[in-house]
Amino acid sequence: MAFTPLHDRVLVRRVESDEKTAGGLIIPDSAKEKPAEGEVVAVGAGAKDDDGDRIAMDVKAGDKILFGKWSGTEITLDGEELLIMKESDILGVLA
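Residues numbered from 1 in each chain as written. Predicted model: local features only at pLDDT ≥ 70, side-chain atom pairs only at ≥ 80, totals over all residues. Heavy atoms only, no water.

**Things to note about the pattern of salt bridges**
Close approach of charged atoms allows side chains of opposite charge to pair. Going through the model one piece at a time under the given rule, you end up with six salt bridges. For aspartate 8, the salt bridge identified is with lysine 86, shortest N-O distance 3.3 Å. Here aspartate 8, found in the segment before strand 1 (9-14), pairs with lysine 86, found in strand 5 (residues 80-86); they are 78 residues apart in sequence, far enough to count as distant. As a salt-bridge pair, arginine 13 and glutamate 39 come within 3.8 Å of each other at their nearest N and O atoms. Pair noted here: arginine 13 is in strand 1 and glutamate 39 is in strand 2 (residues 37-43), with a separation of 26 residues, a long-range link. (Salt bridge = Lys/Arg side-chain N within 4 Å of Asp/Glu carboxyl O. Helix = DSSP H or I, 4+ residues; strand = E, 2+ residues; numbered from the N terminus.)

**Re a negative patch on the surface**
A grouping of Asp49, Asp50, Asp51 and Asp53 is seen on the molecular surface, where their side chains present a negatively charged patch. Topologically, aspartate 49 is positioned in the loop between strand 2 and strand 3 (64-67). With relative accessibility at 32%, the residue aspartate 49 sits in the partly exposed group. (Patch = residues over 30% accessible without salt bridge, like charges linked within 9 Å, V, L, I, M, F, W, Y side chains within 5 Å. Areas by Shrake-Rupley, 256 points an atom, 1.4 Å probe, with all protein chains shown as cover. Lys, Arg positive; Asp, Glu negative; His and termini not counted. Charge placed at Lys NZ, Arg CZ, Asp CG, Glu CD. Buried < 20%, exposed > 50% of the residue type's maximum accessible area, 1.4 Å probe, protein only.)

**Structural notes on the pairing of strand 3**
Only one face of strand 3 is covered, namely the one carrying Ile65 and Phe67; the face carrying Lys64 and Leu66 has none of its residues buried. Summarising the sheet, strand 2 and strand 3 pair through three bridges and their orientation is antiparallel. Residue pairing for strand 3: glutamate 37 is matched across the bridge by leucine 66. Pairing analysis gives four bridges linking strand 3 to strand 6 (residues 90-94), with the strands arranged antiparallel. (Pairing = 2+ DSSP bridges.)

**As for the nonpolar core**
Core analysis: the biggest nonpolar cluster contains ten residues, these being Val10, Val12, Val40, Met57, Val59, Ile65, Phe67, Leu83, Met85 and Ile90. Sequence-distant contacts of methionine 57, that is, excluding residues within four places in its chain, are made with His7, Asp8, Arg9, Val10, Val43, Gly44, Ala45, Gly46 and Glu87. (Core = buried A, V, L, I, M, F, W, Y, C linked by side-chain atoms within 4.5 Å. Contact = heavy atoms within 4.5 Å.)

Interpretation in functional terms is not warranted from these geometric data alone.
Here is the structure:
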């Protein structure tokens, strides 16, 4: 994929959730919520501060993250649906 986000933006692939509940019920696609968990695909170089110095990004490609339900903008690259969002939309990194 030949795409690099600019500044403090991050490209994210959603991680699909289980199709069954803990009790064994199958959840149909129409009832599923979009997952708020994903994997970082690519990151930008980072924002610049008032002096023009780069602020290092806290996430890197391959990190598993949690983000807000309405975060980011959906885009399609090479037939794959991805999200592009600002680093500040990321709630945390999963260990």
